[in-house]
Amino acid sequence: METDRETSRINGSEALLRTLIAEGVDTIFGYPGGQAIPIYDCLYDYRDRLKHVLVRHEQGATHAAQGYARVSGKVGVVLVTSGPGATNTVTGIADAMIDSTPMVVITGQVPSPLLGTDAFQEVDVMGITMPVTKWTYQVRRAEEIAWAVSRAFYIASTGRPGPVVIDLSKDAQVGLVDYVFQPVKYIRSYQPVPDPVPEQIAEAAEWINRAEKPFALVGQGVILGAAEQALTAFLEKADIPFGSTVLGLSAIPSAHRLNKGMLGMHGNLGPNRKTNECDVLIAVGMRFDDRVTGDLKTYARQAKIVHLDIDPSEIGKNVPVDAPVLGHVRDTLAALTQQVRPAVHAAWIASFDADEREEDERVIQPETHPAGGPLRMGEVVHRVSEATGHEAILVTDVGQNQMMGVRYFRYSRTRSVVTSGGLGTMGYGLPAAIGAKTGAPDRTVCLFVGDGGLQMTIQELGTVMQEHLNVKIILLNNHYLGMVRQWQELFFNERYSETVMENPDFVAIAKAYRLGARRVERREELDDAIREMLAHDGAYMLVAEVEPCGMVYPMVPAGATLTNMIY
């Protein structure tokens, strides 16, 4: 019997892979190295059960895992080696933390007897990543692996989601263990979902029932909490118009009659203005980021604030709240809907029309249907969205391409926006598009990226090539670091310090990676180029040569009152 027991033992690397499978993992984004070789050796025998996407840089692995998580609703998984492999993931981990993206990053580590000796490729992963994770844990014994990994998935995916790091020493990877999987479903010191308080819901319903000019702010928490239907039922019953944060876009289709557009620095006129006119402001799953609020001293001072969120630390952090509602947003919305009265706010909703007409005449039409001149970013985004029937997933990098993308793309399905919100990470777009296409292979994925951001992670074209991913890349090429240039023009006396870019032949680079590619400069060629891109069987890069000095309007200057918009 002792012999049978010994032969049933497995090493820590296999225990890791078995636990990942038990947690529902089907895809890993990673890059092998010395202190992760035992895991990769074991992975060789699990290739039929775990897909591994070989990125070209570890930062790319984290952004790909983010894109995967955002469109699939699953936990993104990253596997890298120690030292520089681990430190290269820090940007993506920080990005996932601020954007509440569920991700588990597994880093190889030197054998535990060498910890603290400055061994080759040793780095203090715990110390580096702890400030930007929900939980970080170092495994030194094979017996801990199943428990630690399951705990990691539980923490990453519950409550307000976020990244978790597991640092796995090499001796734990090769040590033998009697493998038993016991999923973690409870941690005594961790309450991921606060219990709803009936009195809070009743107070919020009372304010909403009294409101004559209610306005809702929709954040990503609605999508993370799978509360889209609950939110729609609430808004329709109480007849409440709403605006969305960048990450909350697509929770409800763009064409919904109550959808008034985007909030914030480059948001739509109506939502920004009405924030400072409404009498009750209902924030749902959002954190009152400074890019949404502008100057807090003048933000919605006239309104009673109702805030629904799962994270107690967000309540009252930036904006004083009159009626906090803690709990899972799907549950609290359902309870709130039961208590609000059916209402009609026709005059209030109609008051958005004048703002929409003004913005359409002064900003949207000149940007999307220009009378002449060079191509504009907004018209390229608009034409691609139209050509996809507003069914595609929008992925963006960061900068003007990002703001033009989220402003002029339209959405008919949830989980259709993948972008770096809180951290604003240039280089995010291409690897995130890889993850998005991997997580939603049946959907069209359109990446809008600038010439600056693309060149930060351009090596991931190799991943696109190797994985045969049908990603549509639209490069808005203006030969500038466009958003910084915009700020230099508006606020730094047109002193364009180090923002001009001399670029390579992107079409030649795309073709070197065996992608379809085409450059377009003339407006008359744009529709045909978009059709060619979408019809192409495989990845395609459309290089749109847009006006060099285009501007993203409207714009609320940093720290200004929300209604003080430049356009």
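Keep in mind it's a predicted model, so treat the numbers as computed, not measured.

(A) Fine view of the packing of aromatic side chains. Summed over the entire model, instances satisfying the criterion amount to 12 aromatic pairs. Between Phe-409 and Phe-448, the ring centres sit 5.9 Å apart and the planes meet at 70°, which makes this aromatic pair edge-to-face. Taken together, the residues Phe-409 in the loop between α19 (400–408) and β16 (417–418) and Phe-448 in strand β17 (residues 445–450) connect sequence positions 39 residues apart. Across the pair, Phe-448 and Phe-409 agree in class, each one buried. An angle of 70° between the planes, with centres 5.5 Å apart, marks the rings of Trp-487 and Phe-491 as edge-to-face. Residue Trp-487 and its partner Phe-491 are located together in helix α23 (residues 482–491), separated by 4 residues, close to a single helical turn. Given the relative accessible area of 23%, Trp-487 is considered partly exposed. Grouped by ring-pair contacts, the aromatic residues Trp-135, Tyr-137 and Trp-147 constitute a single cluster. Above the face of the Trp-207 ring, Arg-210 is positioned so that its terminal group lies 5.2 Å from the ring centre.

(B) Highlighting the pairing of strand β19 (residues 516–520). Counting buried positions along β19 yields 4 of 5 residues, so the element is predominantly enclosed. As a crossover connection, the stretch from β19 through helix α25 (residues 523–535) into strand β20 (residues 540–545) is right-handed.

(C) Region of the structure containing the nonpolar core. Core analysis: the biggest nonpolar cluster contains 48 residues, and Val-395, Leu-454, Ile-473 and Met-541 have the highest contact counts within it. Setting aside its immediate chain neighbours within four residues, Met-541 contacts Leu-454, Leu-461, Ile-473, Phe-506, Ala-510, Gly-516, Ala-517 and Arg-518. If you look at the next biggest cluster of nonpolar residues, it comprises 38 residues, including Leu-17, Leu-20, Leu-50 and Phe-153.

(D) Molecular detail of unusual backbone geometry. Along the chain, Tyr-553 connects to Pro-554 via a cis peptide bond; the corresponding omega equals -5°. With respect to the secondary-structure elements, Pro-554 resides in the segment after β20. Unlike most non-glycine residues, His-390 shows phi in positive territory, near 60°. In this fold, His-390 is placed in the loop between α18 (377–387) and β15 (393–396).

(E) Highlighting α23. The set of residues buried in α23 consists of Gly-482, Met-483, Arg-485, Gln-486 and Gln-488. Where α23 is buried, its residues meet α19. Of the residues trailing α23, Asn-493 is marked for its positive phi of about 55°.

(F) Region of the structure containing the pattern of salt bridges. Across all of its chains, the model carries 30 salt bridges by this definition. The network of salt bridges with common partners includes Arg-273, Lys-274, Glu-277, Asp-355, Glu-358 and Arg-362.

(G) Layout of the confidence of the model for the protein. Model confidence for the protein is summarised by a mean pLDDT of 96, while 99% of its residues fall at 70 or above. Below a pLDDT of 50 lies the segment residues 1–7, which in the model reaches 1 contact outside its immediate sequence neighbourhood of four places, other chains included.

(H) Here's a closer look at the sheet that holds strand β12 (residues 280–284). Pairing within the open sheet is parallel, and its 6 strands lie in the order β11-β10-β9-β12-β13-β14. Two strands close off the open sheet at either side, each with one partner strand: β11 (259–262) and β14 (323–326). With strand direction ignored, the average angle separating the axes of adjacent strands in the sheet is 20°. Note that strand β9 (residues 214–218) and strand β10 (residues 242–244) share 3 bridges and pair parallel. Bridge assignment links Val-218 to a residue of β10, and that residue is Ser-244. Across the sheet, helix α15 (residues 329–339) is in contact with β12, β13 (304–309) and β14; its angle to β13 comes to roughly 135°.

(I) Representation of the pairing of β12 in the model. The buried count for β12 comes to 5 of 5 residues, which makes it a mostly enclosed element. Going residue by residue along β12, you find Val-280, Ile-282 and Val-284 tucked away on one face and Leu-281 and Ala-283 tucked away on the opposite face as well. Pairing of β9 with β12, which is carried by 5 bridges, proceeds in the parallel orientation. Bridged to Leu-217 within β12 is Ala-283. Note: β12 against β13, 5 bridges, orientation parallel. Across the sheet, the residue bridging to Val-284 is Leu-308, located in β13.

Cut-offs and rules
Residues numbered from 1 in each chain as written. Predicted model: local features only at pLDDT ≥ 70, side-chain atom pairs only at ≥ 80, totals over all residues. Heavy atoms only, no water. Phe/Tyr/Trp six-rings, centres within 6.5 Å; stacked < 30°, edge-to-face > 60°. Helix = DSSP H or I, 4+ residues; strand = E, 2+ residues; numbered from the N terminus. Buried < 20%, exposed > 50% of the residue type's maximum accessible area, 1.4 Å probe, protein only. Lys NZ or Arg CZ within 6 Å of the ring centre and 35° of its normal. Right-handed = clockwise from strand over helix to strand, strands pointing away. Core = buried A, V, L, I, M, F, W, Y, C linked by side-chain atoms within 4.5 Å. Contact = heavy atoms within 4.5 Å. Salt bridge = Lys/Arg side-chain N within 4 Å of Asp/Glu carboxyl O. pLDDT = per-residue confidence, 0-100. Pairing = 2+ DSSP bridges. Axes fitted to C-alpha atoms, helices over the stretch in contact; angles between N-to-C directions.

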